[in-house]
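The chain contents come next:
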Amino acid sequence: MAITLIPGGVAVFRGWLLPRLRGRVESPRIWGFGVILMGLGLSIVLLAAHRHWDMFRNIAGLTGLCILICGFCLEKWARMGGRLGRS
C-alpha cells in the first residue's frame, strides 16, 4: 500500500503519469489524490482487520473502507472525459 505514494505523489505534485496511463487519464492530479486515498484506505482496513476479528464492527475498519471507496471514485472521475460540463 505504501507503493501507491510514489505514482500518486508524482501525479499530484508534478502532473506526471506512467506511460501506460497517459492516454486514459484526463486529470493527473485528481488521479494522484485518488490513488493516495486508495492506498491509505486499504492500509487502514488491513490494520483494522489484523487487529480485530470483526472489522465491520469497529470504526477504523469502516473509516478505512469509506476512504478506499472515495479514492476509487476520485480515480474513476479523473479518467472520465468531458466532466464538469465539457463536451
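Residues numbered from 1 in each chain as written. Predicted model: local features only at pLDDT ≥ 70, side-chain atom pairs only at ≥ 80, totals over all residues. Heavy atoms only, no water.

Caption draft 1: Main features of the packing of helix H1 (residues 5-14) against helix H2 (residues 28-51). Viewed as axis vectors pointing N to C, H1 and H2 meet at an angle of 150°, and their least axial separation amounts to 7 Å. By the angle between their directions, the pair H1 and H2 is classed as roughly antiparallel. Two packed elements cross with a definite hand, and for H1 against H2 that hand is left-handed. Together, Leu5, Pro7, Gly8, Gly9, Ala11, Val12, Phe13 and Arg14 of H1 and Pro28, Arg29, Trp31, Gly32, Phe33, Val35 and Ile36 of H2 make up the contact between the two elements. Of the residues in the contact of H1 with H2, the class split is 10 nonpolar, 3 polar and 2 charged. (Axes fitted to C-alpha atoms, helices over the stretch in contact; angles between N-to-C directions. Helix = DSSP H or I, 4+ residues; strand = E, 2+ residues; numbered from the N terminus. Parallel < 35°, antiparallel > 145°, perpendicular 65-115°, else oblique. Left-handed = near helix turned anticlockwise from the far one by under 90°. Contact = heavy atoms within 4.5 Å. Nonpolar A, V, L, I, M, F, W, Y, C, P; charged D, E, K, R; others polar.)

Caption draft 2: The side chain of glutamate 75, seen in detail. Along the chain, glutamate 75 turns up in helix H3 (residues 59-79). Residue classification places glutamate 75 among the buried residues on the basis of a relative accessible area of 14%. Dropping the residues within four chain positions of it, glutamate 75 is found in contact with Trp31, Gly34, Val35 and Met38. (Buried < 20%, exposed > 50% of the residue type's maximum accessible area, 1.4 Å probe, protein only.)

Caption draft 3: Molecular detail of the pattern of salt bridges. By the definition in use, this model includes 1 salt bridge. Across the pair glutamate 75 and arginine 79 runs a salt bridge, and its minimum N-O distance is 3.7 Å. Residue glutamate 75 and its partner arginine 79 are located together in helix H3, separated by 4 residues, close to a single helical turn. (Salt bridge = Lys/Arg side-chain N within 4 Å of Asp/Glu carboxyl O.)

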